[in-house]
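For reference, the chains in residue letters:
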Amino acid sequence: MSERPADIRVHDFLEVEQNLGVAEAVAEASRCIQCKKPLCVGGCPVSIDIPSFIQAIASGDFPTATRIMKQENLFPAICGRVCPQEVQCEGACILGKKETPVRIGALERFIAEWESIQDPILPVKAPPTGRSVAVVGSGPAGLAAAAELAKYGHNVTIFESLHEPGGVLVYGIPEFRLPKDVVRREIAQIASLGATLKCNHVAGRSVTVPELLAFDAVFLGTGAGLPSFMGLPGEDLTGVYSANEFLTRVNLMHAERFPETDTPVRRGSRVVVIGGGNVAMDAARVCRRLGSRVTLVYRRRREDLPARRAEIRRAEEEGVEFLTCSNPVRVVGSPCVTGIECMRMTMCGPDESGRPSAVPVPDSLFSLDCDIVIEAIGQSPNPLLLNEMEGIRKGPRGNVVVDDDCRTSIERIYAAGDVATGAATVILAMGGAKRAALSIHRMLTGDS
Ligand code: FAD
Ligand code: SF4
């Protein structure tokens, strides 16, 4: 898929990747050999019938391709853009053994863009059951659960604490990877299915737990929005942000346009981003677009960076500097950040995660000048609502403990997505939410 040149895109927030044209999509789909035992489907967390939707594209039958896709996934424009296909469907595609795998993600996105200029094809809805479900959170988990439950004919109300639905899709992932009008377009389908969306409703505060329990079932999709910090000396200096806060200010509140908007953000002339995942890449690339020089500091080696390979490449093309095998030990300044001290790291045997552990090299302290530090080292579930739910079982990282059917320790309350799994991916959140919706449906209707 073609990309806008780095020297142009680094000055704006427009999308980097471009859509496939019709001829390109048909040609790409025609590469699929229609395996009898398609490995790609096994690699898809929501089990889309990939060969069938690709075959429909190859024969130019885009409405059928859309219907097949939407049987399992109502959000192809989002997933086609942000799913890590290289380790899922495309990673499993048989063609990848000898050549380039079929570009399933690009085809998924193509079909979504084709549909966007037609009348939307909505899934068939079952007759009303008269049962009600509260969905808390409107990120990928909440949206997928709401869509499934509405399809089953239940009366669904979504409570979202922010003023706009979408969770990380709107406040975390930047516009240049996932345009917000694309997210809004796919979210609009939830309303078409009859679900009611209530923004500015904080469950555990403006919506109480007894109010939630007045519904026949409750689905928790509150995500993992609580940022982790390293606990460094100097972390309280002005100019230290969590990636979560920084990205929310820019993506959701358009702080880069302050005072035209309500929320300011500090634009650093030199920014240090700590971390090596997708969140770190997003923060670094946003800073480049705000005109900062950016150094990404990561404690392991380059090959250990957990972010998607394509995002690492794009960050590098856009001028983000990578400083690997380095770990911050202190933020310097008073009262504003003026620099950061780091130590060189070396790699040793595997740690508890199975990855090589990084240990400090003695006497290797060095300093970097900077005026902004952004920490992107992980998130955990926000305890606000969970603390209000007496008897809910939580894991060591504050996540809600669920069984295989996504049931929590409280009857009629189910959970999936990052609140249950810890920070993961969009499609894993959606896959878990679909399982939870099926369990809720069975509980409400007595179906086994
Ligand atoms: P969220 O998306 O976090 O949604 C939770 C929602 O619940 C939020 O809208 C929140 O406001 C709301 N909420 C929380 N508490 C309450 C309450 N008490 N009352 C009402 N509402 C509440 N994954 C990928 O697959 N590909 C990527 O490229 C990718 N990039 C990412 C980039 C960033 C910057 C981040 C942060 C994550 C990224 N991820 C990516 C991970 C992915 O976005 C998450 O795994 C996914 O969004 C989890 O979905 P969720 O619905 O569980 O939670
Ligand atoms: Fe087509 Fe690849 Fe799936 Fe086989 S594994 S059906 S070639 S997409």
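Colleague: I keep staring at the site of ligand 1 and nothing clicks. Help me out?
Modeller: Taken together, 35 residues lie near ligand 1, and Val82, Ala141, Glu160, Arg177 and Ala203 sit nearest. In the environment of ligand 1, an oxygen atom lies 3.4 Å from a nitrogen or oxygen atom belonging to the backbone of Gly167. In the model, an oxygen atom of ligand 1 is placed 3.2 Å from a nitrogen or oxygen of the Ala424 main chain. When the free accessible area of ligand 1 is taken as 1000 Å², the share hidden by the protein chains comes to 94%. At the level of elements, helix H9 (140–151), helix H10 (168–171), helix H14 (278–289) and helix H18 (426–445) are the ones that each hand at least two residues to the shell around ligand 1.

Colleague: Could you clarify how one ought to interpret the nonpolar core in this entry?
Modeller: Within soluble globular proteins, side chains that are nonpolar tend to cluster in buried spots. The biggest cluster of nonpolar side chains holds 73 residues, and the ones touching the most others in it are Ile50, Phe53, Ile54, Ile57, Leu107 and Phe219. By residue number, the principal contributor to this core is H18, which donates nine residues. Excluding its chain neighbours within four sequence positions, the residues that come into contact with Ile50 are Cys40, Val41, Cys44, Cys89 and Ile104. In terms of nonpolar packing, the next biggest core, distinct from the first, is built from 31 residues, Phe13, Val271, Leu290 and Ala376 among them.

Colleague: How do you make sense of the side chain of Lys180 when you look at a structure like this?
Modeller: For Lys180, the location among the structural elements is in helix H11 (residues 180–192). No salt bridge is formed by the buried Lys180; its nearest oppositely charged neighbour, Glu175, is found at 5.1 Å. Excluding anything up to four places from it in sequence, Lys180 contacts Leu169, Val170, Ile173, Pro174 and Glu175.

Colleague: I'm lost on a nonpolar patch on the surface in this one. Help?
Modeller: Residues Ile33, Leu39 and Ile94 make up a contiguous nonpolar surface patch of about 260 Å² in total accessible area. Within the secondary structure, Ile94 is located in the loop between helix H7 (89–92) and helix H8 (104–116). Judged by relative accessible area, which is 34%, Ile94 ranks as partly exposed.

Colleague: Teacher, can you tell me more about the domain arrangement of the protein here?
Modeller: Size of an interface: often given as the accessible area lost when the parts come together. One can read the domain layout of the protein as domain 1 (6–116), domain 2 (132–225 + 380–445) and domain 3 (229–375). Computed from C-alpha coordinates alone, the two centres of domain 1 and domain 3 are separated by 32 Å. If you look at the interface, domain 1 gives 13 residues, while domain 3 gives 10 residues. The largest contributions to the domain 1 side of the interface with domain 3 come from Arg9, Val10 and Phe13, which together make up 56% of the buried area. At the junction of domain 1 with domain 3, the criterion picks out four salt bridges. Counting every contact that joins domain 1 to domain 3 gives 10 residue pairs in polar contact (both at pLDDT 80 or more). Mapped onto the side of domain 1 that touches domain 3, the elements with two or more residues apiece are helix H1 (6–9) and helix H6 (76–82). Of the residues belonging to the side of domain 1 that touches domain 3, the class tally is seven nonpolar, one polar and five charged.

Colleague: Please clarify how the packing of H14 against helix H15 (residues 309–317) should be interpreted in this entry.
Modeller: Packed helix pairs are characterised by how far apart their axes lie and by the angle those axes make with each other. Put simply, H14 and H15 touch, their axes get as near as 10 Å, and they point 25 degrees apart. By the criterion of interaxial angle, the relationship of H14 to H15 is roughly parallel. H15 is crossed by H14, and the crossing has left-handed handedness. On H15, the residues touching Asn278, Met281 and Arg285 of H14 are Glu311, Ile312, Arg314 and Ala315. Along the lines of polarity and charge, the residues of the contact of H14 with H15 split into three nonpolar, one polar and three charged.

Colleague: Can you walk me through the layout of surface pockets in this structure?
Modeller: The gaps of empty space that remain are located by a probe, the size of a water molecule, rolled over the atoms. Empty space within the second largest pocket amounts to approximately 440 Å³. What lines the second largest pocket is a set of 23 residues, and nearest its centre among them are Glu17, Gln85, Arg308, Ala310 and Arg314. Those elements giving two or more residues to the lining of the second largest pocket turn out to be H6, H8 and H15. Among the elements that take part in the lining of the second largest pocket, H15 stands out by supplying five residues, more than any other. Of the residues belonging to the lining of the second largest pocket, the class tally is five nonpolar, three polar and 15 charged.

Here is what the cut-offs are and how they apply
- Residues numbered from 1 in each chain as written.
- Chains lettered and ligands numbered in written order.
- Predicted model: local features only at pLDDT ≥ 70, side-chain atom pairs only at ≥ 80, totals over all residues.
- Heavy atoms only, no water.
- Near = heavy atom within 4 Å.
- Polar contact = N/O pair within 3.5 Å; in protein donor to acceptor, adjacent residues only side chain to side chain.
- Areas by Shrake-Rupley, 256 points an atom, 1.4 Å probe, with all protein chains shown as cover.
- Helix = DSSP H or I, 4+ residues; strand = E, 2+ residues; numbered from the N terminus.
- Core = buried A, V, L, I, M, F, W, Y, C linked by side-chain atoms within 4.5 Å.
- Buried < 20%, exposed > 50% of the residue type's maximum accessible area, 1.4 Å probe, protein only.
- Contact = heavy atoms within 4.5 Å.
- Lys, Arg positive; Asp, Glu negative; His and termini not counted.
- Salt bridge = Lys/Arg side-chain N within 4 Å of Asp/Glu carboxyl O.
- Patch = residues over 30% accessible without salt bridge, like charges linked within 9 Å, V, L, I, M, F, W, Y side chains within 5 Å.
- Domains from an automatic or database assignment.
- Buried area = accessible area lost by both parts, 1.4 Å probe.
- Nonpolar A, V, L, I, M, F, W, Y, C, P; charged D, E, K, R; others polar.
- Axes fitted to C-alpha atoms, helices over the stretch in contact; angles between N-to-C directions.
- Parallel < 35°, antiparallel > 145°, perpendicular 65-115°, else oblique.
- Left-handed = near helix turned anticlockwise from the far one by under 90°.
- 1 Å grid on protein atoms, 1.4 Å probe; cavity = no way out; pocket = protein on both sides within 12 Å on 5 of 7 lines; lining within 4 Å.
- Points joined across faces, edges and corners; volume = space filled by probe spheres on them.

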